[in-house]
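Observations on the three-dimensional arrangement
Residue strings, one per chain:
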Amino acid sequence: MSDFPENFLWGAATAAHQVEGNNLNNDWWRLEQVAADYGVQSSGDALDSYHRYREDMQLLSDRGFTAYRFSLEWSRIEPLPGQFSRAELAHYRRMILTARELGLEPIVTLHHFTHPLWFEDRGAWLGESAVDAFQRYVEQACTILEDVEWVITINEPNILAITHGGQRQVALGNEYPKNGLPDQEIGDVLIAAHRAAKAVVLRLTKARVGWTIGNQALTSTPGNEEKYAEVQYLIEDRYLEVSRDDDFVGTQSYTSQPVDADGIVPHPAADDNTLMGWAYRPDALGIAVRHAREVIGPDVPILVTENGIATAHDDTRIAYTSQALADLSSAIAEGIDVRGYLHWSLLDNFEWGHWGPTFGLVAVDRETFERHPKPSLDWLGAVARANAL
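Read on for a plain summary of the structure. (Residues numbered from 1 in each chain as written. Predicted model: local features only at pLDDT ≥ 70, side-chain atom pairs only at ≥ 80, totals over all residues. Heavy atoms only, no water.)

The secondary structure content of the protein amounts to 13 helices and 13 strands. The C-alpha atoms of the protein give 20 Å as radius of gyration, which agrees with the globular expectation for 389 residues (21 Å, within 12%). Along the first, second and third principal axes, the C-alpha atoms of the protein reach 50 × 50 × 45 Å. Counting only contacts in the protein whose residues sit at least 6 apart along the sequence, the fraction spanning at least 24 positions is 78%. Of the accessible surface of the protein, which amounts to about 15200 Å², a share of 50% is contributed by carbon and sulfur atoms. Between the mean site of the 31 positive side-chain charges and the mean site of the 57 negative ones, the protein shows a separation of 5 Å. (Helix = DSSP H or I, 4+ residues; strand = E, 2+ residues; numbered from the N terminus. Rg over C-alpha atoms; globule rule 2.2 N^0.38 Å. Contact = heavy atoms within 4.5 Å. Areas by Shrake-Rupley, 256 points an atom, 1.4 Å probe, with all protein chains shown as cover. Lys, Arg positive; Asp, Glu negative; His and termini not counted. Charge placed at Lys NZ, Arg CZ, Asp CG, Glu CD.)

This brings us to the pairing of strand S4 (residues 150-155). A large share of S4 lies buried, amounting to six of its six residues. Across four bridges, strand S3 (residues 105-111) lies against S4 in parallel orientation. Across the sheet, the residue bridging to Val 108 is Val 151, located in S4. When S4 meets strand S5 (residues 208-214), the two strands line up parallel, connected through four bridges. Paired with Asn 155 across the strands is Thr 212, a residue of S5. (Buried < 20%, exposed > 50% of the residue type's maximum accessible area, 1.4 Å probe, protein only. Pairing = 2+ DSSP bridges.)

Two numbers describe how helix H9 (residues 184-204) lies on helix H10 (residues 225-242): the axes approach to 11 Å, and their chain directions differ by 20 degrees. Relative to H10, the element H9 lies roughly parallel. For the element pair H9 and H10, the recorded crossing hand is right-handed. The segment H9 lies against H10, with Gln 184, Gly 187, Asp 188, Ile 191, His 194 and Arg 195 engaging Leu 234, Arg 238, Tyr 239 and Val 242. When grouped by side-chain class, the residues that make up the contact of H9 with H10 number four nonpolar, three polar and three charged. (Axes fitted to C-alpha atoms, helices over the stretch in contact; angles between N-to-C directions. Parallel < 35°, antiparallel > 145°, perpendicular 65-115°, else oblique. Left-handed = near helix turned anticlockwise from the far one by under 90°. Nonpolar A, V, L, I, M, F, W, Y, C, P; charged D, E, K, R; others polar.)

Mapped onto the elements, Glu 20 comes out in the loop between helix H1 (16-19) and helix H2 (27-34). One polar contact links Glu 20 to Asn 23, side chain to side chain, over a distance of 3.2 Å. Within the structure, the side chain of Glu 20 is placed 2.7 Å from the side chain of Tyr 92, a separation counted as a polar contact. When neighbours within four sequence positions are excluded, Glu 20 is seen to be in contact with Asp 45, Ala 46, Asp 48, Ser 49, Tyr 50, Glu 73, Arg 76 and Tyr 92. (Polar contact = N/O pair within 3.5 Å; in protein donor to acceptor, adjacent residues only side chain to side chain.)

For the rest of this paragraph, the subject is the sheet that holds strand S8 (residues 258-260). An order of S6-S8-S9 is seen for the three strands of this open sheet, with the pairing classed as mixed. Each having just a single partner strand, strand S6 (219-220) and strand S9 (263-264) make up the two edges of the open sheet. Both S8 and S9 contribute to a ladder of two bridges, which runs antiparallel. Bridged to Asp 260 within S9 is Gly 263.

A separate point is the environment of Ala 36. When you line up the elements, Ala 36 lands in the loop between H2 and helix H3 (49-61). For Ala 36, a relative accessible area of 42% gives the class partly exposed. For the pair Ala 36 and Gly 353, spaced 317 residues apart in sequence, the C-alpha separation works out to 9.0 Å.

To continue, consider the environment of Leu 202. Along the polypeptide, Leu 202 turns up in helix H9. As for Leu 202 and Val 151, which are separated by 51 residues in sequence, their C-alpha atoms are 9.9 Å apart. When near neighbours in sequence (up to four residues on either side) are disregarded, Leu 202 contacts Ala 207, Val 209 and Asp 247.

Ranked by size, the top nonpolar core spans 99 residues in total, and within it Trp 10, Leu 72, Leu 110, Trp 125 and Leu 328 carry the most contacts. Examining the composition of this core, we find that eight residues originate from one element, H9, more than from any other. Setting aside anything within four residues of it in sequence, one finds Trp 10 in contact with Phe 4, Phe 65, Thr 66, Ala 67, Leu 325, Tyr 341, Leu 380, Val 383, Ala 384 and Asn 387. (Core = buried A, V, L, I, M, F, W, Y, C linked by side-chain atoms within 4.5 Å.)

Let us look at the sheet that holds S3. The eight strands are arranged S1-S2-S3-S4-S5-S7-S10-S11 in a closed barrel whose pairing can be described as parallel. Strand after strand, the sheet turns through a mean of 25 degrees between neighbouring axes, direction not considered. Of the pairings in the sheet, the one linking strand S7 (residues 249-253) to strand S10 (residues 302-307) comprises five bridges and is parallel in character. Looking across to S10, one finds that Gln 252 is bridged to Glu 306.

A large share of strand S1 (residues 9-13) lies buried, amounting to five of its five residues. The alternating pattern of S1 places Leu 9, Gly 11 and Ala 13 on one face and Trp 10 and Ala 12 on the opposite face, and all of these are buried. For S1 and strand S11 (residues 338-344), the ladder comprises five bridges, and the chain directions are parallel. When the bridges of S11 are listed, Leu 9 appears paired with Gly 340. Relative to strand S2 (residues 67-71), S1 is paired through three bridges, and the arrangement is parallel. Its bridge partner being in S2, Ala 13 is matched across the sheet by Arg 69.

So, on to helix H7 (residues 130-141). The end-to-end C-alpha distance of H7, which contains twelve residues, comes to 17 Å, matching closely the 16 Å that a straight helix rising 1.5 Å per residue would cover. Ala 130, Ala 133, Phe 134, Tyr 137, Val 138 and Ala 141 are the residues of H7 that are buried. In a view along the axis of H7, the buried residues occupy a sector of 135 degrees, so they form one face of it. In this structure, the buried side of H7 is in contact with helix H4 (74-77), helix H5 (86-101), S3, helix H6 (117-121), S4 and H9. (Expected span 1.5 Å × (residues − 1). Arc of directions from axis to C-beta.)

Read these as layout, nothing more, since geometry by itself doesn't imply function.
Below you can see the structure in the form of structure tokens.
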């Protein structure tokens, strides 16, 4: 029996564009349209969670979970520069109140990979006054966050710098970068945006503020320690170092890869690779949490804001998560301050251009939007109620 700390948060996570449906005014919606000929699928109605959020939260509440992470959609709240929608802010306020009503701690993400089209047309994160624009949006978001205890400014800035850096290179007529490393110029802006947003949230609310890092759980191959240190810093540690001054850091982990003399080694083909093509590595969470602790130090709490597996076999999901939680429990026993575990994802959702990878604890009929809980939802709910594995 592996016990977890008192008041440990147990929940699941979603992101607005992946579940809400019909976010017509953001950069990802546009990408889905222009890249359809290249195999990019459309989010469309998604899972209609914009209207069915209570039903989704109820699935967690009924099984004893205590937290729900969701994001605000910037393009809904600020459809045109400087014009804010009172109705959309009220919608997200209702989501916060519904979570509270159902006994769930709302963990709110301000930016989860998407931004308004007008922001994109101004150059996105490399546009003039990008940080000021984000700060202005965050000020308005804070009008509905007065009783929220956990606020995430930006989801996975290191991954965001990789994807937007790649799109930028393609737009410039260059090849998509094959080194898998963040665009450092975009990374600099995201760090500045995080710090500006954090100052706003601390001034206007009583929330804890942090951001989430896409932890790669990288390992060095023999003789390549120097290359590993270089890659590790560029892809992750420079962002973790920013969190030394935050109230918490979100750890997000799925798999692990080695680093050799050429950089990150691609995932080899294997029968147990996930639907994302990633190696089956439930031990990645323990590696990620321990590494985060090494970089940020002992005084900044860690919140596992994403961990899961894309698989069509729910017994594999349970096995993966069980091992990940066992490793997490061991890390906590070593003295690492971990405040909660949020599974990715609550629902089988839109995985950024594709519907195939299924990460959810709940399947969804995309014609009727009927929710179909998987055994893993009940299993993880039992773990949450016992606060023990």
